Amino acid sequence: MDPSPLPSSRPSAPRADPNSDPAEQPPLTLATLVASQAPASAGPGSSGGPASSAGTASSDGTASSDGPAGAVDPASVVAAARKYPGWLRFAWLKPVPLLAGSAVLLAFDLAFAIHPRISAALTAVETLLVPVWLTALIVLLWRPLRAGARTEVKRARPVVFLLTTCLLLACIGEKWLLLGHAAELGPLADEGAPGADAGARGVVLYRTYTVLAFVLANGALLGRRPIERLFATAADHPARLMMVSFGVAALLGSFLLTLPQSLRDITDASFVDGLFMATSAVCVTGLAVHNLAETYTPFGQAVLLLLVQIGGLGIMVLSTFFAILAGRRLRLRDAAVMAEMIDAESFARLRRNVAAIVVYTLCVEAVGALILLIGFVPHHEIASGPVAGVPLSGAGDHLWAAVFHAVSAFCNSGFSLFREGLVPMVGSPAICLVIAALVVLGGLGFPVHDELLRQARLRLRGERAPRMSLHSRVVLVATAVLLAIGTAGFLVLEAGRSMAGLSWPVKVLASFFHSVMTRTAGFNTVDLALMGPATWMFVCMLSIIGGAPGSTAGGLKVTTVATLFATLRAELRGEEAPHLLGRALPAGTVRRAMGVAFLMVVLVAGVLFVMLMLEPQNPMGLALETVGALGTAGMSANVTPSLSAPGKLVITLAMFIGRIGPLTLALALANQASARSYRLPEERVGIG
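Residues numbered from 1 in each chain as written. Predicted model: local features only at pLDDT ≥ 70, side-chain atom pairs only at ≥ 80, totals over all residues. Heavy atoms only, no water.

### A short note on the overall build of the protein chain
Per the secondary structure count, the protein chain includes 26 helices and 4 strands. For the protein chain, the residues scored as buried account for 48% of the 688 residues in total. Sequence-distant contacts, at least 24 apart, represent 70% of the contacts inside the protein chain between residues at least 6 apart. Summing over all exposed atoms, the protein chain offers an accessible surface of approximately 33200 Å²; the carbon and sulfur share of this is 66%. (Helix = DSSP H or I, 4+ residues; strand = E, 2+ residues; numbered from the N terminus. Buried < 20%, exposed > 50% of the residue type's maximum accessible area, 1.4 Å probe, protein only. Contact = heavy atoms within 4.5 Å. Areas by Shrake-Rupley, 256 points an atom, 1.4 Å probe, with all protein chains shown as cover.)

So this is what it looks like as structure tokens:
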């Protein structure tokens, strides 16, 4: 319930006498406004005056609050100000003056970017206006709701305010940092002068943050209700919650990756590149527009690793885990949403499942990092920074390299800190097999891990283990079959081409390694640009399949492909229902698999069509880029760094859709249909 009283219950504000002297009118103060709007006391002996309703007056004339009755509501202050003759002093709280003034300020700031003195003065004005924008936002967000408004909208308002404040302050802070490095960005006027390209990128980045600050400051005022509804419905909708959480994480990560502390050279700063890299990390894709070793400082690399870990585990899993760790009890609604997201069997097992997911992930990554550290120690060049001509340089420390690659492998992101990636490790079975094992474990999903661990515990105790679920058996069988097919395919297609200079044992190892990576992660020990078009097509087919549900992998998922295979087999044999491994598949599962496959085909065709219009690149290379983004496999033929800004934004959107899943995106955007109390008549149509 809104704390402010109804308008009819409020006493009238003191009216000004038009014949009186303006100097004799009481001054407009916050205490006067609150006193004029405070509800009259209902108790006996109450004078009904403003002072008695707001609190007791001390001997010096100052009002003192006696508890909740004296609480100040921002909406009440503004309502009182509107009735007061001095309301014009608060005219800046209206959206229209704020929008007009901000638009003028935006035009001047964009026109003079980056002129050191003028831009600094305009940014200083914007900094001083931040409290004004936030005050107006507070007033509008806490304005009394219409009758019948949802309680969830009220709960979403603090989230909207906090998120808007953080992003707005981040934009202003980024602008000040750019102005502080204006000398390093180089000249702007002469395009042929040294450093002119860096200066142009600095201007674009400055203007980007200026526009973002304008949108955040004024968009929240004009479009607050849609934003509130989005956050309110996301709290009850797992699909929308996933979409919002990953989107916010990617946006915040893009700000961090454009900080001067994140970049070795400030001239590499670009919001589009930062957004691309942050989205690639959160969506555990592995596509990169920059070489991590040469572009990002240890702080920037740590930001990327944190985003990868968040994207691998899931933001809601991490937040729930920390809530459990702090001893907080989950609300029933939050528990229901979380149980649906991680497919928990019951609320009782929710806490155990969330804790087990986080602990198991950290333990596997720690063991993998320890083994990789042993393998990295003999390579002394790993401990150095990026050095030209040294392929394994860039990490700066053996331990940091081991931890980064272990997390990147288990979360299936495919980022590497080495200047040439893992290509120099093509002949190292210890490194390749450990990273491949981490990628496979991350691609199986926690439900399969949990069941395998329970089976192992029962067998160690000498007890008879129950039969594994159909889901786990399908995931394990399909993964093994696809690994065998992928290894054989790479060996046949590339043994005499890109792998011609390798020995046969190394060829088999490289083929197996790429068979693992093409479905889930973006690591490579052989340059994909040296492979043939047939191999690229083969990589696209494996990348679109992906890993298992509930894992860090993307794509259609192996269970979806297995269900489609069973459906096709049943149709060809004339069977009534498809079946897998001795179990019949429900009709709902078949419909869901067909829907996911259809949406993925449409998305691949649509994104590839747009990329072919935007980029003058090899069509097969663009196809590999598109499928690698939508399947979050991250395989690329070195096309990513040469993409234009629109092309990078398209691939960024494709990575985002691929991580949350095409069906999840459709569910998040669609409105839930009401249940029908009738059935429509059936009629056949021609097929095929």
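### Quick word on a nonpolar patch on the surface
Together, Val-477, Val-481, Ile-485 and Leu-581 line one region of the surface with nonpolar side chains, adding up to about 310 Å² of accessible area. Its place among the elements puts Val-477 in helix 19 (residues 470-494). (Patch = residues over 30% accessible without salt bridge, like charges linked within 9 Å, V, L, I, M, F, W, Y side chains within 5 Å. Salt bridge = Lys/Arg side-chain N within 4 Å of Asp/Glu carboxyl O.)

### Concerning the nonpolar core
Grouped together as the largest cluster of nonpolar side chains are 130 residues, with contacts concentrated most on Met-277, Leu-292, Phe-376, Ile-435 and Met-517. Counting residues per element, this core draws most heavily on helix 17 (residues 429-444), which supplies 8 residues. Those residues in contact with Leu-292 that sit more than four places away from it in its chain are Met-277, Gln-301, Leu-304, Phe-404, Phe-415, Ser-416 and Leu-417. Val-474, Leu-580, Leu-585 and Val-590 belong to the second-largest nonpolar core, a separate cluster that totals 6 residues. (Core = buried A, V, L, I, M, F, W, Y, C linked by side-chain atoms within 4.5 Å.)

### Section: the packing of helix 19 against helix 20 (residues 504-520)
Running from N to C, helix 19 and helix 20 point in directions that differ by 130 degrees, and their axes come no closer than 8 Å. Judged by the inter-axis angle, helix 19 sits oblique to helix 20. In this structure, helix 19 meets helix 20 at a crossing whose hand is right-handed. Contact with helix 19, carried on its side by Thr-479, Leu-482, Leu-483, Gly-486, Thr-487, Phe-490 and Leu-491, involves Trp-504, Lys-507, Val-508, Ser-511, Phe-512, His-514, Ser-515, Val-516, Thr-518 and Arg-519 of helix 20 and no other residues of that element. (Axes fitted to C-alpha atoms, helices over the stretch in contact; angles between N-to-C directions. Parallel < 35°, antiparallel > 145°, perpendicular 65-115°, else oblique. Left-handed = near helix turned anticlockwise from the far one by under 90°.)

### Some details on the confidence of the model for the protein chain
Of the residues in the protein chain, 69% reach a pLDDT of 70 or more, and the chain-wide mean stands at 77. With pLDDT under 50 throughout, residues 1-72 is counted as low confidence; its partners more than four residues away or in other chains account for 68 contacts. Between residues 81-92, whose pLDDT stays under 50, and residues either more than four places distant or in other chains, the model counts 24 contacts. (pLDDT = per-residue confidence, 0-100.)

### Quick look at the pattern of salt bridges
Under the counting rule described, the total for this entry stands at 8 salt bridges. As a salt-bridge pair, Glu-294 and Arg-419 come within 2.6 Å of each other at their nearest N and O atoms. Of this pair, Glu-294 sits in helix 11 (residues 292-295) while Arg-419 sits in the loop between helix 16 (398-410) and helix 17, and the two are 125 residues apart along the sequence. Two residues, Asp-450 and Arg-454, come together in a salt bridge whose shortest N-O distance is 3.7 Å. You can see Asp-450 and its partner Arg-454 sitting in helix 18 (residues 446-460), 4 residues apart, about one turn around the helix. The class of Asp-450 is buried, set by a relative accessible area of 10%.

### Some thoughts on the environment of Thr-165
As for its position among the elements, Thr-165 is in helix 6 (residues 151-180). Separated by 31 residues in sequence, Thr-165 and Leu-134 place their C-alpha atoms 7.4 Å apart.

### Looking at the packing of aromatic side chains
Tallying each qualifying case throughout the model produces 7 aromatic pairs. Ring geometry for Phe-490 against Phe-538: centres 5.6 Å apart, planes inclined by 75 degrees, an arrangement best described as edge-to-face. Placement of the pair is Phe-490 in helix 19 and Phe-538 in helix 21 (residues 533-545), with a sequence separation of 48 residues. One exposure class covers both Phe-490 and Phe-538, and it is buried. (Phe/Tyr/Trp six-rings, centres within 6.5 Å; stacked < 30°, edge-to-face > 60°.)

### Points about the side chain of Glu-494
For Glu-494, the location among the structural elements is in helix 19. No salt bridge is formed by the buried Glu-494, whose closest oppositely charged neighbour, Arg-497, lies at an N-O distance of 4.4 Å. Not counting the four nearest positions on each side in its chain, Glu-494 is found in contact with Met-499, Ala-500, Leu-530, Met-531, Gly-532 and Thr-535. (Lys, Arg positive; Asp, Glu negative; His and termini not counted.)

### Some points on the packing of helix 18 against helix 19
Two numbers describe how helix 18 lies on helix 19: the axes approach to 10 Å, and their chain directions differ by 105 degrees. Taken as axis vectors, helix 18 and helix 19 run roughly perpendicular relative to one another. Where helix 18 approaches helix 19, its residues Pro-447, Val-448, Glu-451 and Leu-452 are matched on the opposing element by His-471, Ser-472, Val-475 and Leu-476. Here the contact of helix 18 with helix 19 is composed, by residue class, of 5 nonpolar, 2 polar and 1 charged. (Nonpolar A, V, L, I, M, F, W, Y, C, P; charged D, E, K, R; others polar.)

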